[in-house]
Amino acid sequence: MLDGRGLIRRRAGARLWLSGLWLALFVLAAVLAPLISPQDPLAQDLMLERLPPAWMAGSEPGYWLGTDSLGRDVLTRIIYGAQVALAVALVAGLATCLIGSALGLVAGFYRGWADRIISRIVDIWMAFPPVLFAILLIAVLGTGLSSVILAIVIIDWTRFCRVVRAETLNQSKMDYVHSAKVAGFTRLRTLLSEILPNVLPTIVALLTLEMGIAIIVEAILSFVNLSISTDQSTWGGMIAEGRTSIHQAWWVLVFPLIALFFTVLSFAQFGEGLRERFDPVLR
Amino acid sequence: MSGFLEIRGLSARLAGTGQRLLRSVDISLPAGSVRGLVGESGAGKSMIGKAVLGVLPKAVEIVEGEILLDEQDLLKVPPAERRRLIGAKAALIPQDPLTALNPSRRIGPQITDRLVDILGWEKARAASRALEVLVEVSIPEPERVMRLYPHELSGGMRQRILIASAFAAEPKLIVADEPTTALDVTVQKQILKLISQLQARHGTALLFVTHDLGVVSKVCDTLSVLYAGKVVEDTTVQRFFAAPQHPYSQALLAATPRHTDPAASLQPVPQAVIDAAMAEVAADDAAWRPQGGAHG
Ligand SMILES: Nc1ncnc2c1ncn2[C@@H]1O[C@H](COP(=O)(O)OP(=O)(O)OP(=O)(O)O)[C@@H](O)[C@H]1O
Ligand SMILES: [Mg+2]
C-alpha cells in the first residue's frame, strides 16, 4: 500500500543512500589517495599548465579534470584534498560534539549552578560572529591544521550545547524520568541510560551537520590562506587559486567547489536520514 | 491499628512563599487495602503520592510530620536509604502511559532494569518475572511485546505494561495517580478492573488518587477527602456513600453522577459550602504553628 508515511519513508531511504554513497566515495578517496590518484599531487609541469578536462579540446590523457596554472592535476588534488577535509570533519566534528553535548546534558539535566554557568558562557560565546572569531583565533594559535581544528572546536561547541541542553530539559520533564526516580535509579544512570538515548538522534544529526560545517570552515580558512601550507592540497586552497584564473581555466575553481558542495550537503542529509531511520518516535 | 503506610501530621509548603500545600495530613493504609484520595484539582492529591514516593518537586518542602513506610519514617532516614526503601517496597502506576514509558527503549528492559539493577535479581529471573506479569495483565504474545518500542503499542496496552511493571517486584505499596484519566472511556473500565484484580491477588496496599467518586466506589475500601491540602473527611467507602459527614463531602457526592440514576440532576458544589471549607482551612492555619519536624 502506498500511503503518505510509506512515501516519506522511501524518500528518507533515498536521501540516506545517496548521501551515504557520496560519503563512502569521499572516505575511500581520502584513505586510498596515494593508490588511486592518477598523478602526483605536487608535480608541477609548466608544459601542462591549464589543461582542460578530458572531454574538451586540447586535453591530455591522464588529466581527467584538467590541470591548474602550475600544471598540477586537478582530480589528484581534489582526492588529496579529501584527506584534509576528512581529518577536519572527523577530529573537529567529534571533539566539538563530545564537549558540547556533555556540557548540554549536564546543564539540561542537573540545572542549578552548573546550568547557570554553562548557559552564561554559551550566551557570551554566541555574541561573537563565528568567522571573525575563527580568524582571530587562528591569528592567536598560528596557522596549521591543528590550529584550524582547535578553532572549530572552540567556536562551535556552543551549537551542540544549546540544542542538547534544550532537548535534555524537555526529556527531563517526561514521566519516564519521574518513574526512574521512583524506582531508585541514580541521577547519573537516569541521564545516561534514560535521557541520552532520546537525545542521541539529535546529537547524531548535529554531528554530521558539524562535520560538514568543519569542512566549510577549513575551506574558508584555506581560502584566506590561514589554514595549512599552500603546497598541501586543500579544497579551499584550490578554490582560492582557481578564482584567480576563472576566465582561463574555470575547472580549477569549479571541480573542488562541486566536491565541497556535495560533501557538505551529504553530511547534512546523511544525518537527517539517520535520524529519520533510527529515531523510534519519528519512525 | 497501624498501617503499612502511616502518614501523620504531614505539612508541606511552597518554599519561599510559605503557602501551605498540605495541612497536617493523616492517612493510614493497612497492608492489602485500598484508599482513595479524592478532591478537586489542586487539592494536593498528587502531592501526597509524591511525598510518599520521595519525588516532591524541589519547590515543595515538608515542614513537619511523619511518613511511616513499613514502620520506618522515610523523613528520618538519609536520602540514599530512603531511595532504597521506597524502591524496594513501593511502586508507581503513572497517569500518562504516553510519556511514562521511555520512547527510545524496548519494553523488556524497561520492566527488568529495576529488578536487576536496583533489587539485584539475576537477569534470567527478571526476564521470566517480566513475562509472568505481562501475562497477568493479559498482554498477548509477551515475548514479542518485550522487544517492541512503546510507540508500537496502543495507550491501553502501554498502561497495562506500566501496571505489570509496577507489580513486577511485588511491592507492598502502590501509588496510582489517576491511572485511567488519559485513556479512552471503554479502556478505563478494563484498566480499573485489572488494577483491582492484581491488587487483591497480590495483597498490595494501594493509594489511589482520583477525582472520580464513581471509581472510588468500585476500587477503594477507605477514602480521604481533601480540600486545599487538608483531609476534611476520612471514612470507609460504605459510610461515605451512605452518609458523608463533612458538608464539602456531601456537596462533592451531590456533584457526582450516579450510575444507578444517571438522569438525576447534578448539584454543583454550592458556594456556601466552599466558603465554609475555606473558613475552616483559614481557622486551621491561624491555629497552626510549625513545630520543626516533630509533632505533638
Ligand atoms: N512543581 C510545583 N511547584 C509549586 N507548586 C506546585 C507544584 N506542583 C503542584 N503545585 C501546587 O500544589 C498544589 C497541589 O497540587 P497537586 O498536583 O497535588 O493537585 P491535585 O490534587 O493532584 O490536582 P489534580 O487533580 O489537578 O491533579 C496545587 O495548588 C499546585 O498549584
Ligand atoms: Mg494530580
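Everything numeric here is computed off the predicted structure, so don't read it as measured data.

Participant: Help me understand the packing of helix H6 (residues 145-172) of chain A against helix H8 (residues 187-223) of chain A in this model?
Facilitator: The description of two packed helices rests on the angle between their axes and on the distance between the axes. Residue and element names in this part refer to chain A. Running from N to C, H6 and H8 point in directions that differ by 150°, and their axes come no closer than 9 Å. Considering their axes alone, H6 and H8 lie roughly antiparallel with respect to each other. In the crossing of H6 with H8, the sense of the turn from one axis to the other is right-handed.

Participant: Could you clarify how one ought to interpret the interface of chain A and chain B in this entry?
Facilitator: Much of the literature gives interface size as the accessible area that the parts lose upon coming together. Taken together, the contacts link 18 residues of chain A with 23 residues of chain B. Interface area for chain A against chain B, summed over the two sides, is near 1900 Å², with a carbon-plus-sulfur share of 56%. Counting every contact that joins chain A to chain B gives three salt bridges. Two residues, Asp113(B) and Arg189(A), come together in a salt bridge whose shortest N-O distance is 2.5 Å. For the pair chain A and chain B, the number of links is 10 residue pairs in polar contact (both at pLDDT 80 or more). Going through the elements one at a time, helix H7 (175-183) and H8 of chain A are the ones with two or more residues in the side of chain A that touches chain B. By residue number, the principal contributor to the side of chain A that touches chain B is H7(A), which donates seven residues. Of the residues that constitute the side of chain A that touches chain B, the class distribution is eight nonpolar, five polar and five charged.

Participant: Can you help me understand the sheet that holds strand S2 (residues 20-29) of chain B in this one?
Facilitator: In a beta sheet, neighbouring strands are held together by backbone hydrogen bonds and run either parallel or antiparallel to one another. All names here are of chain B. The four strands lie next to each other as S2-S1-S4-S5, forming an open sheet whose pairing is antiparallel. At either margin of the open sheet sits one strand with a lone partner, and together these are S2 and strand S5 (72-73). Where strand S4 (residues 60-69) meets S5, two bridges bridge the pair, whose relative direction is antiparallel. Of the residues in S5, the one forming a bridge with Leu 69 is Gln 72. The sheet strands contacting helix H1 (residues 45-53) are strand S1 (5-14), S2 and S4, and the helix crosses S2 at an angle near 65°.

Participant: Even after reading the chapter, I still don't get the pattern of salt bridges, so can you show me in this structure?
Facilitator: Side chains that differ in sign of charge can pair as their charged atoms come close. Overall, the coordinates contain 27 salt bridges over all chains when judged by the stated rule. For Asp115(A), the salt bridge identified is with Arg165(A), shortest N-O distance 2.7 Å. Within this pair, whereas Asp115(A) is found in helix H4 (residues 112-126), its partner Arg165(A) is found in helix H6, the two being separated by 50 residues in sequence. Linking Asp73(B) and Lys76(B) is a salt bridge whose minimum nitrogen-to-oxygen distance equals 3.1 Å.

What counts, and where the lines are drawn
Residues numbered from 1 in each chain as written. Chains lettered and ligands numbered in written order. Predicted model: local features only at pLDDT ≥ 70, side-chain atom pairs only at ≥ 80, totals over all residues. Heavy atoms only, no water. Axes fitted to C-alpha atoms, helices over the stretch in contact; angles between N-to-C directions. Helix = DSSP H or I, 4+ residues; strand = E, 2+ residues; numbered from the N terminus. Parallel < 35°, antiparallel > 145°, perpendicular 65-115°, else oblique. Left-handed = near helix turned anticlockwise from the far one by under 90°. Contact = heavy atoms within 4.5 Å. Buried area = accessible area lost by both parts, 1.4 Å probe. Salt bridge = Lys/Arg side-chain N within 4 Å of Asp/Glu carboxyl O. Polar contact = N/O pair within 3.5 Å; in protein donor to acceptor, adjacent residues only side chain to side chain. Nonpolar A, V, L, I, M, F, W, Y, C, P; charged D, E, K, R; others polar. Pairing = 2+ DSSP bridges.

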